[in-house]
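Below are the chains, spelled out letter by letter.
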Amino acid sequence: MGKAVSFLLLALVLFYEVTVTMGQRGEKERRKERDRREGKGEGAGSEEWFLLPDPKPVMRTDAGEMSVVRSLGGRIIEKPLHIGFITMEPNTLFIPQYLDSSLILFVRTGEARVGCIYKDQMVERRLKIGDVYQIPAGSTFYILNPGEGQRLHIISSIDPSESLNLGTFQSFFIGGGTYPASILAGFGPETLSTAFNVSVSKVRGILSKQQEGPFVYVNKSHAPSIWTKFSQLQEQDRLKHLKRMVQGEAQQKKEWSWWKLLDTIFGTEENNVNDKAPDSYNIYKRSPDFSNDYGWSSALDGSDYSPLKDSGIGIYLVNLTAGSMLAPHVNPRATEFGIVLRGSGRIQIVYPNGTLAMDTKVNEGDVFWVPRYFAFCQIASRRGPFEFFGFTTSSHKNRPQFLVGSNSVLHTLNTPELAAAFGVSEERIRRVINAQREAVILPPPSAAAPDEDEKKREQLEAAPKVMKNFGSEMILGFD
C-alpha cells in the first residue's frame, strides 16, 4: 500500500512538471509569434529589418504575375503599406475585379489601359511611363497591356487600412469560371437565373468556361476567349457597355452572355466619354522640387494630385548622380517606403539614441523603409546614377528637416546654444556647419578615387558586423 501511494505521488509530481514545462514552452512560442508580428523577432534589430524581403507571387499565369512585399507591423509603423509589382506580357489583360485595399499605380515601363468605375461610370485611362493613378478600394477595375512587343511593369502601393485582414489583400473577381472563380458563382445557377431572367443552362454556360487565370492573353496567337473580344473593343464601346465587339453588326441582337452580365454590373450609361473622373499624373513631367548639379528630387502630395488626398499617401522620386548624397535628414510627417529603380547605392538609418541602425548597399528592385522621425541618408554608388521611387504615409506637403548642408537646422539654430550643446567653441562649430555650401543633394567626396572607394565599401561589407538588439533601451538611450 505504501509503495502504491509513493508511486502515485511520484506520478503526480512528474505530471505537474511536464504540464508546467509545456505551459512555459507554449507561452514562449506565443510570445515569439507575437514579437514576430510586431517586428521584434529574431533579426528585427539588425539592418535587415529596414530592408524588406523579396516580393512573393500572389497571382501568376503565363500571361503575367503580381507579387507583393508585405509591410512589417509594429508600434512605430503608423500606417502599414504593402508594395506590389505587376508584370504583364504584351497583349494581356488583368481581368475585371475589385479589391479590399486601395492601389496607387506607377508605370515603370510599358503602356497600359486602366478601366475603373468612378461614380457609377466606367472610365478608362491610358497610362505611360511615369504615370501615377489611383484605384480606390471596392472599385472594379481592369488593366490591359495593348503593346505588341513590350512588357508592362507597374509598381503599386497597397493600402490595407480598409481591408478585411484576410491576408495581404483580397481580390473579388467579377469575371471567372473554374479559375479564377467569379463572385457571382457563389449564388448558384437558380438564383442567378432568376436575377438575370435567363435560363439556368445559360448561366452555367458562362460560369464554367474561364480557366486561364487572372492574367490572360488577348491576342490571336492564343486561344480566343471573352477577354480577347474585350480587348478588341473600341475604347468608347468598352466604356459604354463593355460588350460591343468590333466584329459584327452593331444592331445585331446578341445572345445573353458575359457581355450582358458585364452590362448589368457596370451600368448602362451611354454617354460617359466626357467623364469627370481624375486623370493620371506623370511625375517625370513634373518640374523637380529641388535640382542641382548632383541630382534632383520630386514629391507629389494631395495638393498636386487630388486622389492622394483621399488615400493619405504621398509619392516621391529622387535621382542622384554618381557618388552624390541626399543629405542626412528627417521626415517628421511620415514613414517612407522606397524602391530602387536604377543603379545602386547605400542607405544609412540612425536610431534615436544616435547609434547606427542600418548601413547597407541596395540595388535595383530592392525595397526599404524608414520610420517616421528616424534620421537617414542615401548615397549613390560612384559607378553610376542612383534612382529611387517611393510612397509616404502622408498626403500633406512633406517638409523634411535636413541635418547637414547649407539649409540645415544647424544653420537655423543660434550659434552659442549649438556650440554649448556640442561642447566646442562658436568659431569651431561655425567653421564646421559653413564648410558645406551645397544643400539637399551634396557632391561626392573628391579625395577618394572611385575604384578605391568601392573596394573599401566591399571590404566593409565582407567584414563581420556586430548588431545590437532593437530594444526600448536602445531607442530611448536609457541606461
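You'll find the structure just up there.
A brief look at the structure comes next. Not measured: the values here are computed from a predicted model.

## Some details on the overall build of the protein
For step 1, the next point in the chain: A tally of regular secondary structure across the protein gives 12 helices and 26 strands.
For step 2, the next point in the chain: Taking all 479 residues of the protein together, the buried fraction comes to 46%.
For step 3, the next point in the chain: Expressed as a percentage of contacts within the protein between residues at least 6 apart in sequence, the contacts between residues at least 24 apart total 73%.
For step 4, the next point in the chain: Summed over all atoms, the accessible surface of the protein reaches about 25300 Å², with 52% contributed by carbon and sulfur.

## Things to note about the packing of aromatic side chains
For step 1, the next point in the chain: Summed over the entire model, instances satisfying the criterion amount to 16 aromatic pairs.
For step 2, the next point in the chain: Note on Phe94 and Phe215: the rings are 4.2 Å apart at their centroids and 5° apart in plane angle, and the pair reads as stacked. Placement of the pair is Phe94 in strand β5 (residues 92-99) and Phe215 in strand β13 (residues 215-217), with a sequence separation of 121 residues. One exposure class covers both Phe94 and Phe215, and it is buried.

## Considering the nonpolar core
For step 1, the next point in the chain: Ranked by internal contacts, the top residues of the largest apolar core, which has 85 residues, are Ile143 and Phe391.
For step 2, the next point in the chain: Non-local contacts of Ile143, meaning those with residues more than four positions away in its chain, are made with Ile86, Met88, Thr92, Leu93, Phe94, Leu105, Ala112, Arg113, Val114, Leu152 and Ile154.
For step 3, the next point in the chain: One finds Leu192, Phe196, Ile206 and Leu207 within the second-largest nonpolar core, a separate group that totals 7 residues.

## Observations regarding the sheet that holds strand β6 (residues 102-109)
For step 1, the next point in the chain: On the basis of which strands lie adjacent, the open sheet formed by 7 strands has the order β2-β3-β4-β11-β6-β9-β14 and antiparallel pairing. Either end of the sheet is taken by a strand with one partner, and the two such strands are β2 (56-61) and β14 (281-282).
For step 2, the next point in the chain: Two strands pair when backbone bridges link them, and β6 and strand β9 (residues 131-135) are joined in this way by 4 bridges, in the antiparallel orientation. Bridge pairing links Leu103 to Ile135 in β9.

## Quick look at the packing of helix α9 (residues 415-422) against helix α10 (residues 426-434)
For step 1, the next point in the chain: Running from N to C, α9 and α10 point in directions that differ by 95°, and their axes come no closer than 9 Å. If you check the angle between α9 and α10, you find them roughly perpendicular. Mapping the contact onto sequence places Thr415, Pro416, Leu418, Ala419 and Phe422 in α9 and Glu426, Ile429, Arg430 and Ile433 in α10.
For step 2, the next point in the chain: Taken together, the residues of the contact of α9 with α10 sort by class into 6 nonpolar, 1 polar and 2 charged.

## A look at the pairing of strand β21 (residues 356-362)
For step 1, the next point in the chain: Burial analysis of β21 places 5 of its 7 residues in the buried class, which makes it a mostly covered element.
For step 2, the next point in the chain: The hairpin formed by strand β20 (residues 345-350) and β21 contains 5 residues between the paired strands, and Gly354 there has a positive phi angle of roughly 90°.

## What to know about the environment of Tyr373
For step 1, the next point in the chain: Along the chain, the position of Tyr373 falls in the loop between β22 (367-370) and β23 (375-380).
For step 2, the next point in the chain: Taking the C-alpha atoms as reference points, Tyr373 and Thr335, 38 residues apart in sequence, are found 8.0 Å from one another.
For step 3, the next point in the chain: Not counting the four nearest positions on each side in its chain, Tyr373 is found in contact with Val330, Asn331 and Pro332.
For step 4, the next point in the chain: A polar side-chain atom of Tyr373 sits 3.3 Å from a polar atom in the side chain of Arg372.

## Some words on the pairing of β22
For step 1, the next point in the chain: Side-chain alternation along β22 places Val367 and Trp369 on one buried face and Phe368 and Val370 on a second face that is also buried.
For step 2, the next point in the chain: Sheet analysis places strand β1 (residues 51-52) next to β22, joined by 2 bridges and oriented antiparallel. Bridge pairing links Leu51 to Phe368 in β22.
For step 3, the next point in the chain: Bridging between strand β19 (residues 336-342) and β22 involves 4 bridges; their strand directions are antiparallel. The residue bridging Glu336 from the neighbouring strand is Val370, located in β22.

## Points about the side chain of Arg125
For step 1, the next point in the chain: Turning to its location among the elements, Arg125 is positioned in strand β8 (residues 121-127).
For step 2, the next point in the chain: Separated by 3.0 Å, the side chain of Arg125 and the backbone oxygen of Ala277 make a polar contact.
For step 3, the next point in the chain: Within the structure, Arg125 has its side chain in polar contact with the side chain of Asp279 (distance 3.5 Å).

## Thoughts on the pattern of salt bridges
For step 1, the next point in the chain: A full pass over the atoms with the stated rule returns 12 salt bridges.
For step 2, the next point in the chain: Among the salt bridges present, the one from Asp289 reaches Arg286, with a minimum N-O distance of 3.1 Å.
For step 3, the next point in the chain: Taking relative accessible area as the criterion, Arg286 reaches 15% and is therefore assigned buried.
For step 4, the next point in the chain: In this structure, Glu426 and Arg430 form a salt bridge, with 3.8 Å as the shortest nitrogen-oxygen distance. Of the two residues, Glu426 and Arg430 both sit in helix α10, 4 residues apart, roughly one turn of that helix.
For step 5, the next point in the chain: Here the salt bridges share partners, and the residues they tie into one network are Arg286, Asp289 and Asp304.

Calculation rules
Residues numbered from 1 in each chain as written. Predicted model: local features only at pLDDT ≥ 70, side-chain atom pairs only at ≥ 80, totals over all residues. Heavy atoms only, no water. Helix = DSSP H or I, 4+ residues; strand = E, 2+ residues; numbered from the N terminus. Buried < 20%, exposed > 50% of the residue type's maximum accessible area, 1.4 Å probe, protein only. Contact = heavy atoms within 4.5 Å. Areas by Shrake-Rupley, 256 points an atom, 1.4 Å probe, with all protein chains shown as cover. Phe/Tyr/Trp six-rings, centres within 6.5 Å; stacked < 30°, edge-to-face > 60°. Core = buried A, V, L, I, M, F, W, Y, C linked by side-chain atoms within 4.5 Å. Pairing = 2+ DSSP bridges. Axes fitted to C-alpha atoms, helices over the stretch in contact; angles between N-to-C directions. Parallel < 35°, antiparallel > 145°, perpendicular 65-115°, else oblique. Nonpolar A, V, L, I, M, F, W, Y, C, P; charged D, E, K, R; others polar. Polar contact = N/O pair within 3.5 Å; in protein donor to acceptor, adjacent residues only side chain to side chain. Salt bridge = Lys/Arg side-chain N within 4 Å of Asp/Glu carboxyl O.

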